Number of protein chains: 2
Amino acid sequence: MTNATQPIILTGDRTTGPLHLGHYIGSLRSRVQLQHEAKQFLLLADTQAMTDNVGRHQKVTENVVEVALDYLAVGIDPDKSTIFIQSQVPELAELTQYLLNLVTVSRLERNPTIKEEIRLRGFERDIPAGFLTYPVSQAADITAFKATLVPVGDDQQPMIEQTNELVRRFNLTVGREVLVECVAVLSHVPRLPGIDGKAKMSKSLGNAITLGATPDEISKAVHDMYTDPNHLRVSDPGQVEGNVVFMFLDAFDPDTAAVDEMKAHYRRGGLGDSVVKRRLNERLQALIAPIRERRMQFERDRAGVLEILRQGTMRAREAAGATLSEVKGALGLNYFGS
Amino acid sequence: MTNATQPIILTGDRTTGPLHLGHYIGSLRSRVQLQHEAKQFLLLADTQAMTDNVGRHQKVTENVVEVALDYLAVGIDPDKSTIFIQSQVPELAELTQYLLNLVTVSRLERNPTIKEEIRLRGFERDIPAGFLTYPVSQAADITAFKATLVPVGDDQQPMIEQTNELVRRFNLTVGREVLVECVAVLSHVPRLPGIDGKAKMSKSLGNAITLGATPDEISKAVHDMYTDPNHLRVSDPGQVEGNVVFMFLDAFDPDTAAVDEMKAHYRRGGLGDSVVKRRLNERLQALIAPIRERRMQFERDRAGVLEILRQGTMRAREAAGATLSEVKGALGLNYFGS
């Protein structure tokens, strides 16, 4: 069920690996809620993942189903949310092509997100054209569904500005309001660090707890977790800031009063890491167990999962096709009256 | 009828205006011959024309049928050649997207053809991303049809090199020979100047004779034609080099002996411009009359012309779709077994 006043959300993930607790806290959890309040499109961004994974296309395509399993496991309902595969919606490539004419190369090069990502990947002057232009492809993903809300991290805000610039430029060019501007929805949740305390939880850095983690994997991850390196004896005062175990408790333990009490105890000394870790381990085991269980159920029915993706992709093609039709009509590209 | 040993040709025109004698002598004439010897795809390049015609999309789309009329008028047979509209073959946009990941921005910026075109258009730093990347889109046009021969002017040779680089890069990435390299076929005919003697005949420069020109337009164009500005009196010796009338006679008068004799006479003096122009006028009237006649016939049946384009576009989608299927299969992007 949808209605005209409902917001339209476009969000998704690059399919480069299974999702982890960082994704859960940062986006998945709120998507499960939002699917009741908005028309939500969830993009399995394989095409976008290809832009910086040339030669690793197998990794990208194999993880499409993995990410879909994660979505379903956390409670994304395919009857409420449209889960679809980017590469199977050719309308997005077409729309990208028309938007590419409306932005200059130097504007793309000035995009702070792209600048940072180019630095991280060490591309320097050897930036693949597909990578430099992926914000345009992202604008096509957003505008194809006339999305009004796009959940993003603060580092992704320039992408939304870029998208809205393209929307205004397109509408101005054709002299009518065809595409729709969107609003960035910033997450209020601080980014979850990796278990090693590094800035970002990431499967490839080996510091992640995935949503399909076994009980042993969870216990081991909690055991290995970075705490306060100066907290050598139980009786020593310990530091809570930058202590990954407490950051995780803040994120995953609903009993904030109890956590605050533990923090105070830890600060004044007398509370051992093992006690805090035991509590976190219990919380994470309880959180992940049902997710892992559902994930395994879906995993046993891969044909069923593919059918969910096929149907979602059909729905996505219909929505994107309608917008593309308007776009091509506005440009006069409807020779055969379609 | 096609067979496996037949060459496959991809060629076409940006749809920014009706075609003229420069196109006739440079490409159309040989296409009429080649359609008997090769499988020929003729691209009405509206999408490519959009890359440097933002805001002038109406000019681009209106000229699609104009160029198609020119093709049919000169004798392109839609049963032998596949005439199709680029924007109506979404497979080309999809293929472009994958090829974009295989070329760097700096490689595109080094392309001499693009460099020159950027200079001509005064884009400088404000190069639209779609314009910088159009050689990749062109590579998609060529490779989608597994074209083996691509007729080009010498200034377009870098485009063919770029295409073959992408072919090799793609095949290397997927570890098999999916795309096919092509060979540039250079025209032996010198480029026809505008009637004002400027380097290039061009509708927008107002120095062209179009293929639908009326008898009066032809006569006026020949009358206005640039000759030897120092050939003031009939008795004066005149110069043949750079004399547009003689360049046109070289291109359009099959009686080369008679033309050589006129050149000698003109050089030694005693031959007036009006005599030479009269001969050229007769030749051009005779050449264009049947073309204009056929053009008018087709023009009276626009629905029929659109049906020819619709059928050609369907055939083109089939061919491009088969290649795209192989490309996506090689990248593992065939989740639904298609």
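Residues numbered from 1 in each chain as written. Chains lettered and ligands numbered in written order. Predicted model: local features only at pLDDT ≥ 70, side-chain atom pairs only at ≥ 80, totals over all residues. Heavy atoms only, no water.

1. Section: the overall build of chain A
Point 1. A tally of helices and strands in chain A yields 14 helices and five strands.
Point 2. Compactness check: chain A gives a C-alpha radius of gyration of 22 Å against a globular reference of 20 Å for 338 residues, within 12% of the reference.
Point 3. Seen along its three principal axes, the alpha-carbon backbone of chain A occupies a region of about 80 × 45 × 40 Å.
Point 4. In chain A, buried positions account for 55% of the 338 residues.
Point 5. Within chain A, contacts between residues separated by at least 24 positions form 77% of all contacts whose residues are at least 6 apart in sequence.
Point 6. In the form shown here, chain A has an accessible surface area of approximately 14,900 Å², with 52% of it arising from carbon and sulfur atoms.
Point 7. For chain A, the distance from the average site of its 39 positive side-chain charges to the average site of its 43 negative ones is 1 Å. (Helix = DSSP H or I, 4+ residues; strand = E, 2+ residues; numbered from the N terminus. Rg over C-alpha atoms; globule rule 2.2 N^0.38 Å. Buried < 20%, exposed > 50% of the residue type's maximum accessible area, 1.4 Å probe, protein only. Contact = heavy atoms within 4.5 Å. Areas by Shrake-Rupley, 256 points an atom, 1.4 Å probe, with all protein chains shown as cover. Lys, Arg positive; Asp, Glu negative; His and termini not counted. Charge placed at Lys NZ, Arg CZ, Asp CG, Glu CD.)

2. Thoughts on the pairing of strand β4 (residues 149-152) of chain B
All names here are of chain B.
Point 1. Going residue by residue along β4, you find V150 and V152 tucked away on one face and L149 and P151 left uncovered on the opposite face.
Point 2. As paired elements, β4 and strand β5 (residues 183-186) share four bridges and run parallel to each other. Across the sheet, the residue bridging to L149 is V183, located in β5.
Point 3. On the question of chirality, the crossover connecting β4 to the parallel β5 by way of helix α9 (residues 157-174) is right-handed. (Pairing = 2+ DSSP bridges. Right-handed = clockwise from strand over helix to strand, strands pointing away.)

3. Notes on the interface of chain B and chain A
Point 1. Contacts between the two partners involve 50 residues from chain B, matched on the other side by 50 residues from chain A.
Point 2. On inspection of chain B and its partner chain A, the count reaches zero salt bridges.
Point 3. Counting the contacts that link chain B with chain A gives 14 residue pairs in polar contact (both at pLDDT 80 or more).
Point 4. Residue assignment for the side of chain B that touches chain A shows that the elements contributing at least two residues are α2 (46-50), α3 (57-74), α4 (90-99), α5 (105-110), α7 (129-132), α9 and α14 (302-330) of chain B. (Salt bridge = Lys/Arg side-chain N within 4 Å of Asp/Glu carboxyl O. Polar contact = N/O pair within 3.5 Å; in protein donor to acceptor, adjacent residues only side chain to side chain.)

4. Some thoughts on the domain arrangement of chain A
All names here are of chain A.
Point 1. Domain assignment breaks chain A into domain 1 (8-192 + 302-330) and domain 2 (215-296).
Point 2. Distance from the C-alpha centre of domain 1 to the C-alpha centre of domain 2: 34 Å.
Point 3. Taken together, the contact between domain 1 and domain 2 spans 13 residues of the former and nine residues of the latter.
Point 4. Between domain 1 and domain 2, the buried area comes to about 930 Å², and carbon and sulfur atoms account for 69% of it.
Point 5. Three residues stand out in domain 1 for area buried against domain 2, namely L21, A73 and L192, and they jointly supply 53% of the buried area on that side.
Point 6. The partner of E66 in a salt bridge is R295, and the shortest N-O contact between them spans 2.9 Å.
Point 7. The tally of links from domain 1 across to domain 2 stands at three residue pairs in polar contact (both at pLDDT 80 or more).
Point 8. For the side of domain 1 that touches domain 2, the secondary structure elements donating two or more residues are α1 (21-34) and α3 (57-74).
Point 9. Broken down by class, the residue content of the side of domain 1 that touches domain 2 amounts to nine nonpolar, one polar and three charged. (Domains from an automatic or database assignment. Buried area = accessible area lost by both parts, 1.4 Å probe. Nonpolar A, V, L, I, M, F, W, Y, C, P; charged D, E, K, R; others polar.)

5. Notes on the confidence of the model for chain A
Point 1. On average, chain A scores 94 in pLDDT, and the residues at 70 or more come to 98%.
Point 2. For this predicted complex, the interface confidence score (ipTM) comes to 0.93, while the overall pTM stands at 0.94. (pLDDT = per-residue confidence, 0-100.)

6. Some thoughts on the relation of the copies chain B and chain A
Point 1. Of the transformation placing chain B onto chain A, the axial shift is 0.0 Å and the rotation is 180°, giving an RMSD of 0.0 Å. In short, the pair behaves as if placed about a two-fold rotation axis. Minimal C-alpha separation from the rotation axis in chain B is found for B:A93, amounting to 2.8 Å.
Point 2. A high fraction, 100%, of the interface residues of chain B reappear at the interface in chain A, so the copies pair face to face through one surface. (Least-squares fit on C-alpha atoms with pLDDT ≥ 70 in both.)

7. Re the side chain of B:R31
All names here are of chain B.
Point 1. Inspection of the secondary structure puts R31 in helix α1 (residues 21-34).
Point 2. A polar contact is formed between the side chain of R31 and the side chain of D13, at a distance of 3.0 Å.
Point 3. Those residues in contact with R31 that sit more than four places away from it in its chain are T11, G12, D13, Q40, L42, Y71 and I76.

8. Examining the environment of B:I83
Point 1. Considering the arrangement of structural elements, one finds B:I83 in strand β3 (residues 81-85).
Point 2. For B:I83, the contacting residues outside a window of four places in its chain are B:L42, B:L44, B:Y71, B:L72, B:I76, B:I308, B:L309, B:G312 and B:T313.

9. Concerning the packing of α4(B) against helix α8 (residues 134-144) of chain B
All names here are of chain B.
Point 1. Relative orientation of the contacting elements α4 and α8 amounts to 120°, with a least axis distance of 8 Å. With respect to α8, the axis of α4 lies oblique. In terms of crossing hand, the pair formed by α4 and α8 is right-handed. Residue-level contacts link L92, L95, T96 and L99 of α4 to V136, S137, A139, A140, D141, T143 and A144 of α8.
Point 2. Split into classes, the residues belonging to the contact of α4 with α8 amount to seven nonpolar, three polar and one charged. (Axes fitted to C-alpha atoms, helices over the stretch in contact; angles between N-to-C directions. Parallel < 35°, antiparallel > 145°, perpendicular 65-115°, else oblique. Left-handed = near helix turned anticlockwise from the far one by under 90°.)

10. Some points on the pattern of salt bridges
Pairing of side chains with opposite charge becomes possible as their charged atoms draw close.
All names here are of chain A.
Point 1. A complete count under the given rule lists 43 salt bridges over all chains for this structure.
Point 2. One salt bridge in this structure joins R191 and D155, with 3.7 Å as the shortest N-O distance. In this pair, R191 sits in the loop between β5 (183-186) and α10 (215-223) while D155 sits in the loop between β4 (149-152) and α9 (157-174), placing the two residues 36 residues apart along the sequence.
Point 3. Two residues, R267 and E241, come together in a salt bridge whose shortest N-O distance is 2.7 Å. Note that R267 is positioned in helix α12 (residues 256-268) and E241 in the loop between α10 and α11 (244-252), a separation of 26 residues in sequence.

11. Some details on the nonpolar core
Point 1. If you look at the biggest cluster of nonpolar residues, it comprises 200 residues, and the most contacted ones within it are A:L21, A:I209, A:F248, B:L21, B:I209 and B:F248.
Point 2. What A:I209 contacts, discounting residues up to four positions off in sequence, is A:H20, A:L21, A:I195, A:M201, A:I218, A:A221, A:M225, A:F248, A:L284 and A:I288. (Core = buried A, V, L, I, M, F, W, Y, C linked by side-chain atoms within 4.5 Å.)

12. Thoughts on α1(B)
Residue and element names in this part refer to chain B.
Point 1. The terminal C-alpha atoms of α1 lie 19 Å apart, and with 14 residues this matches the ideal 20 Å at 1.5 Å per residue to within 8%.
Point 2. Largest kink in α1: about 45°, centred on S27.
Point 3. Every buried residue belonging to α1 is among L21, G22, Y24, I25, S27, L28 and R31, and all of these are buried.
Point 4. Each element contacted by the buried residues of α1 is listed here: β1 (8-14), β2 (39-45), α3, α11 (244-252) and α13 (273-299). (Expected span 1.5 Å × (residues − 1). Bend = angle between axes of the 7 residues up to and from the residue.)

13. Concerning helix α4 (residues 90-99) of chain A
Point 1. Most of α4(A) is tucked away, with 10 of its 10 residues classed as buried.
Point 2. For α4(A), the complete set of buried residues consists of A:P90, A:E91, A:L92, A:A93, A:E94, A:L95, A:T96, A:Q97, A:Y98 and A:L99.

14. Remarks on the packing of aromatic side chains
Point 1. One pass over the full model with this rule turns up 10 aromatic pairs over all chains.
Point 2. Arranged with centres 5.3 Å apart and planes meeting at 55°, the rings of B:F131 and B:Y134 form a pair that is tilted.
Point 3. Note on B:F131: relative accessible area 0%, which makes it buried.
Point 4. Of the residues examined, B:Y134 reaches a relative accessible area of 2% and is grouped as buried.
Point 5. Members of the aromatic cluster, connected to one another through ring pairs, are A:F41, A:F84 and A:F145.
Point 6. Across from the ring centre of A:Y134, 4.7 Å away, lies the NZ or CZ of A:R14, which sits over that ring. (Phe/Tyr/Trp six-rings, centres within 6.5 Å; stacked < 30°, edge-to-face > 60°. Lys NZ or Arg CZ within 6 Å of the ring centre and 35° of its normal.)

15. Digging into the pairing of strand β2 (residues 39-45) of chain A
Residues and elements named next belong to chain A.
Point 1. Summarising burial for β2: six of the seven residues are buried, a large majority.
Point 2. Judged from the seven bridges that link them, strand β1 (residues 8-14) and β2 form a sheet pairing that is parallel. Counted as the bridge partner of G12 is L43 from β2.
Point 3. In the classification by handedness, the crossover that spans β1, the intervening α1 and the parallel β2 is right-handed.

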